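# Chains, contacts and geometry: an overview
Residue-level listing of the chains:
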Amino acid sequence: MTTKVISVESDALQVSVHIDETGAAYLNQYFPTHHAPLVEVRLAGEGTEKHKSSKTLVGTYIGPQLLKTLNVTLAGSKITVISHLTVYGSTPVVRATASIRNKSDGDIIVTQLTSLVLGGLTTGSAKWNSWFREAQWVEHGLPALGVDDYGVYGRPENHFASIAHYAVSNRGTFSTEGHLPMGILKRRDNAETWLWQVENNGSWRWEIGDWRDSVYLAAGGPIETDHDWRLRLGPGEEFTTVPVALCHVLNDYEEAFDSLTTYRRIIRRKNEDNKRLPIIFNDYMNCLMGDPTEEKILALVNPVLKSGAEYFVIDCGWYADDAGWWDDVGEWEPSKKRFPNGFKHLLTKLRNEGLIPGVWIEPEVIGVRSAIANQLPPGAFFQRDGQRVVEKNRYQLDFRHPAVRERMHVVINRLVTEYGVGYFKFDYNIDVTQGTDVDASSPGSAQLDHNRAYLSWVNELHDRFPDLLIESCSSGAQRMDYAMLATHALQSTSDQQDPDRYAAISAALPTAVTPEQGAVWVYPQPSWDDETNAMTVVNALLGRIHLSGRLDLLSEHQFGMVKEGMDVYRSIRGDLPTARAFWPLGLPHWHDEWLALGMAAREGGRFYIAVWRRGGPDELELPIGELKGRSSRSELLYPAGFEADNEWRVEEGVFRVKVRSGLCARLFKLTVS
């Protein structure tokens, strides 16, 4: 047969699938000779055909045998695979999933199905994430990762590739514990960038390696070797992978992140919260820390109102008579001891004062001492070999089971309709790595189905209660992925309790989450000096505010600083839902002495720049190339009365900042004339 090209294109991107003379398909950008198969599949018992290792996502027996039958429908002897490629308007991002269907007369067992394979790439880097230290980037050259020109391709033996590859994966229900599901490949001169994300709230893997004379990317959800994922498909049955989004720009990483941010805004569930950006007070971090009472909350109401917050969220502990509630959660009934006048009475008072009440809940777990643990059927829990999976003295609920979904619908419905709850912080504090073997081909496949069922349940809540606001939290940001964030309105970004350390997280967050979804703690303390309290405010001003801390114990001067910050936020938050992030000092690193994050408004010529000093020289120059040669007026937005020399140098395109304090933060505004 003759070669063919199938293309799908938007205003910003053209995706071409090449069909060679044998009928094999591969995704192509610049290098038509790379021949990395469009989709790679493994069935039970199969390793690798040749060239690569069976530990990689490429080099399978079936991938090169899948032949085009219709558009990007590929057929083998036992299966049909359909590669779904979607583009979005003027955004240079393609979203890929793949579906596999068993067309044989007997069962097959699938052990791997990639969402995307693309050859013909160049250099790159990886992303790292952990509790208290989220969204920190590390850059590597490919040879340092073991991916290099080994002199293999082109030899008489017809080798296509070495066995070298570099893989990043995550296993378990904490989808972003250790790593975020993202990566970048970029040219050293920053003239070309590839940026991708895997969209799954569980296990995933991406890898890069050599293929022919170039580099490939393969990415997708759980597989057998990493995640104990195997799927039995009966005749006619079908399975679809998790999505992978891939962005390509002929520019640097800032343009790539801008394009991916636009894509994220397109694919997420529409929510008025992402337009309004209300200020949310939560009583947990550096405040009540899981020990709320009616008296303590009432002491906070007036300062919370004066600060300008619009929500009051009562965090963990509201359901427990004592502090030993960790392994007893699951009933979700208010404590009468903590709230002697009734929880409903307290929440009604919050509403009457103009604050929308919210509560913390962990809908996916049951404590081992909870009475509910003995009321649900055995199939409602994750199990292995007939025993319930126990993690940190909690049982993992299986949202595939109708009894789980029905019970949690009853719980949420009661809290909304009877108590007037308008906000839920859905937390999740265990990481179940082993999955469940109940009613499943494998523990990994059951875990994936549970993850999808949970998101379906959350969407049902949104459909039932359109005004309800739901936050995603998993020990901070241990599920900061765009399966969760396409469903939830906003994301808790860390459990970090130190403002100076949080600064590095805040400066990097727009790489991982849209500004209007990334909630950062603001937790002023009466014992902190003014610069530290100002820093905790600046940390959140270019994202979402989770106000906390002992507002009730602050001095009048200290509270005035907080109130000033909230007023500044309300004056600029209208620009943030469409803003573009930029980094004048490059992507931040954990130990950097100076950090900087900018947000450019789409209209009006307004540029907001947050600057943090954590040591180093007292003066710094921040290059802003796009404003070079353009007259701009600079001003200190927050804290307005503090020392901060600043100057915009038009011809150089440099913003100069000088501060004497060794630990401080400032928010500036540049307005183009």
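Residues numbered from 1 in each chain as written. Predicted model: local features only at pLDDT ≥ 70, side-chain atom pairs only at ≥ 80, totals over all residues. Heavy atoms only, no water.

### Side note on the overall build of the protein chain
Each helix and strand counted, the protein chain has eleven helices and 41 strands in total. When each of the 673 residues of the protein chain is scored for burial, the buried share is 63%. Put simply, the protein chain shows about 24000 Å² of open surface, and 47% of that area lies on carbon and sulfur atoms. (Helix = DSSP H or I, 4+ residues; strand = E, 2+ residues; numbered from the N terminus. Buried < 20%, exposed > 50% of the residue type's maximum accessible area, 1.4 Å probe, protein only. Areas by Shrake-Rupley, 256 points an atom, 1.4 Å probe, with all protein chains shown as cover.)

### Some thoughts on the packing of helix H5 (residues 294-307) against helix H11 (residues 556-572)
Look at H5 against H11: their axes get within 9 Å of each other, and the N-to-C directions meet at 45°. The orientation of H5 with respect to H11, classified from their angle, is oblique. Of the residues in H11, those in contact with Pro303, Lys306 and Ser307 of H5 are Phe559, Lys563, Met566 and Arg570. Residue composition of the contact of H5 with H11, grouped by class: three nonpolar, one polar and three charged. (Axes fitted to C-alpha atoms, helices over the stretch in contact; angles between N-to-C directions. Parallel < 35°, antiparallel > 145°, perpendicular 65-115°, else oblique. Contact = heavy atoms within 4.5 Å. Nonpolar A, V, L, I, M, F, W, Y, C, P; charged D, E, K, R; others polar.)

### Examining the pairing of strand E36 (residues 606-614)
A large share of E36 lies buried, amounting to eight of its nine residues. The sheet contact formed by strand E35 (residues 594-600) and E36 spans seven bridges and is antiparallel. Within E36, the position partnered with tryptophan 594 by the bridge is arginine 613. In textbook terms, the turn of a hairpin is the stretch between consecutive antiparallel strands, and for E35 and E36 this stretch comprises five residues, one of which, glycine 604, has a positive phi near 95°. Relative to strand E41 (residues 663-672), E36 runs antiparallel, the two sharing nine bridges. Across the sheet, tryptophan 612 pairs through a bridge with alanine 665, a residue of E41. (Pairing = 2+ DSSP bridges.)

### Things to note about the sheet that holds strand E40 (residues 654-658)
Here three strands make up an open sheet; going across it, the order is E37-E40-E39 and the pairing antiparallel. Two strands close off the open sheet at either side, each with one partner strand: strand E37 (619-623) and strand E39 (645-649). Averaged over all neighbouring strand pairs, the angle between strand axes comes to 15°, with direction disregarded.

### Structural notes on helix H6 (residues 343-352)
Within H6, the full set of buried residues consists of Phe343, Leu346, Leu347 and Leu350. What you see down the axis of H6 is that its buried residues fit within an arc of 95°, all on one side. Turning to H6, the residues buried within the fold contact H5, strand E22 (311-314) and strand E23 (356-361). A positive phi of about 100° marks glycine 354, the residue just after H6. (Arc of directions from axis to C-beta.)

### Details of the nonpolar core
Ranked by internal contacts, the top residues of the largest apolar core, which has 135 residues, are Phe312, Phe424, Phe426, Trp612 and Leu667. Counting 35 residues, the second-largest nonpolar core is a separate cluster that includes Leu43, Leu113, Tyr166 and Val215. (Core = buried A, V, L, I, M, F, W, Y, C linked by side-chain atoms within 4.5 Å.)

### Things to note about helix H7 (residues 402-417)
Helix length check: H7 (16 residues) gives 22 Å between terminal C-alpha atoms against 22 Å at 1.5 Å per residue, within 8%. Regarding H7, the residues found buried are Ala403, Val404, Arg407, Met408, His409, Val411, Ile412, Arg414, Leu415 and Val416. At its buried positions, H7 is contacted by E23, strand E29 (423-426) and helix H8 (443-464). (Expected span 1.5 Å × (residues − 1).)

### Regarding the sheet that holds strand E32 (residues 518-522)
The strand order around the closed barrel built from eight strands is E21-E22-E23-E29-E30-E31-E32-E33, with neighbouring strands paired in parallel fashion. Neighbour-to-neighbour, the strand axes of this sheet turn through a mean angle of 30°, independent of strand direction. Note: strand E21 (residues 280-282) against E22, three bridges, orientation parallel. Each bridged residue has a counterpart across the sheet, and for isoleucine 280 the counterpart in E22 is tyrosine 311. Lying over the sheet, H7 contacts E23 and E29, oriented at roughly 155° with respect to E23.

Read these as geometric descriptors, not functional statements.
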